[in-house]
Amino acid sequence: MEETAPRPRMADPVRAAAVRAFLTAAVALVQAVTDVVLAAGHSWLSAPLLMTTVLTSVVATWAVLDVWVTRQVWNQRNGVVSSPSSAARTLRRERRRARRAARAARSQPGAAGPRHQPRHLGV
């Protein structure tokens, strides 16, 4: 039986931002539902609640963006786990192979030229 690896825990600042975003979105949703009920009942409270619902939804959108920005900042400051298929890793691997091949060619007996050319001798 195959067990899935547990997801790594979110960083504390990211988790705090996510909780704030969730609570703000929940309040906005409750306000929207309440406003629909009040509007269906032709209540005068519908208009002020509509304005606060719009304001709360703007704040909730800002809170969701805050989660994204906080996550990006956390990853940038504390390192990111690179994926094995990243292009940068492939390029580094190719450069490493080329350097190793060049070193192996230089270390062969009978290789042309010295390993070090002193500049101060005018060479």
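Above this text sits the structure in question.
Reading the values: the criteria
Starting from 1, residues in each chain are numbered consecutively following that chain's sequence as written. With pLDDT at 70 or above as the cut-off, local features in this predicted model cover only qualifying residues; side-chain atom pairs require 80 or more to be listed or tallied, and sums for whole chains, interfaces and linings still use all residues. Derived side-chain values reflect all non-hydrogen atoms in the structure, with water molecules and hydrogen atoms excluded from consideration. Axis definition: a line fitted to C-alpha atoms, over the contacting stretch in the case of helices. Angles run 0 to 180 degrees between N-to-C directions. Think of it this way: any DSSP run of H or I at least four residues long counts as a helix, any run of E at least two long counts as a strand, and we number them from the N terminus. Working rule for angles: under 35 degrees goes down as roughly parallel, over 145 as roughly antiparallel, 65 to 115 as roughly perpendicular, anything else as oblique. By convention the crossing between two helices is left-handed if the near helix lies anticlockwise of the far one by an angle smaller than a right angle, and right-handed if it lies clockwise. Under this grouping Gly is polar, as are all residues other than the nonpolar Ala, Val, Leu, Ile, Met, Phe, Trp, Tyr, Cys and Pro and the charged Asp, Glu, Lys and Arg. Expected helix span is taken as 1.5 Å per residue step, with the number of steps being one fewer than the number of residues. Burial status follows relative accessibility: with a 1.4 Å probe on protein chains alone, a residue under 20% of its type maximum counts as buried, one over 50% as exposed, and anything between as partly exposed. Only one rule defines a salt bridge in this text: a Lys or Arg side-chain nitrogen within 4 Å of an Asp or Glu carboxyl oxygen. When checking whether two residues touch, look at their non-hydrogen atoms; a contact exists if any pair is within 4.5 Å.

As for the packing of helix α1 (residues 12–40) against helix α2 (residues 46–78)
A pair of packed helices is captured by two measures, namely the crossing angle of their axes and the spacing between those axes. Packing of α1 against α2 leaves a shortest axis separation of 8 Å and a crossing angle of 160 degrees. By the angle between their directions, the pair α1 and α2 is classed as roughly antiparallel. The interaxial crossing formed by α1 with α2 has left-handed handedness. Residue composition of the contact of α1 with α2, grouped by class: 19 nonpolar, nine polar and four charged.

Here's the deal with α2
Between its first and last C-alpha, α2 extends 47 Å over 33 residues, near the 48 Å set by a 1.5 Å rise per residue. Turning to α2, its buried residues are Ser46, Leu49, Thr53, Thr56, Ala60, Ala63, Val67 and Thr70. Two residues or fewer past α2, glycine 79 is found with a positive phi of approximately 85 degrees.

Side note on the pattern of salt bridges
Should the charged atoms of two oppositely charged side chains come close, the side chains can pair. Under the counting rule described, the total for this entry stands at two salt bridges. With its nearest N and O atoms 3.1 Å apart, the salt bridge here joins arginine 20 to aspartate 66. One end of the pair, arginine 20, is in helix α1; the other, aspartate 66, is in helix α2, with 46 residues separating them in the sequence. On the basis of relative accessibility, which here comes to 26%, the residue aspartate 66 falls in the partly exposed class.

A short note on α1
An ideal rise of 1.5 Å per residue puts 42 Å on 29 residues; α1 measures up with 42 Å between its terminal C-alpha atoms. Along α1, the positions that sit buried rather than exposed are Val14, Ala17, Ala21, Thr24, Ala28, Gln31 and Asp35. Check the buried side of α1 and you find it contacts α2. At the exit of α1 stands histidine 42, carrying a positive phi of roughly 55 degrees.

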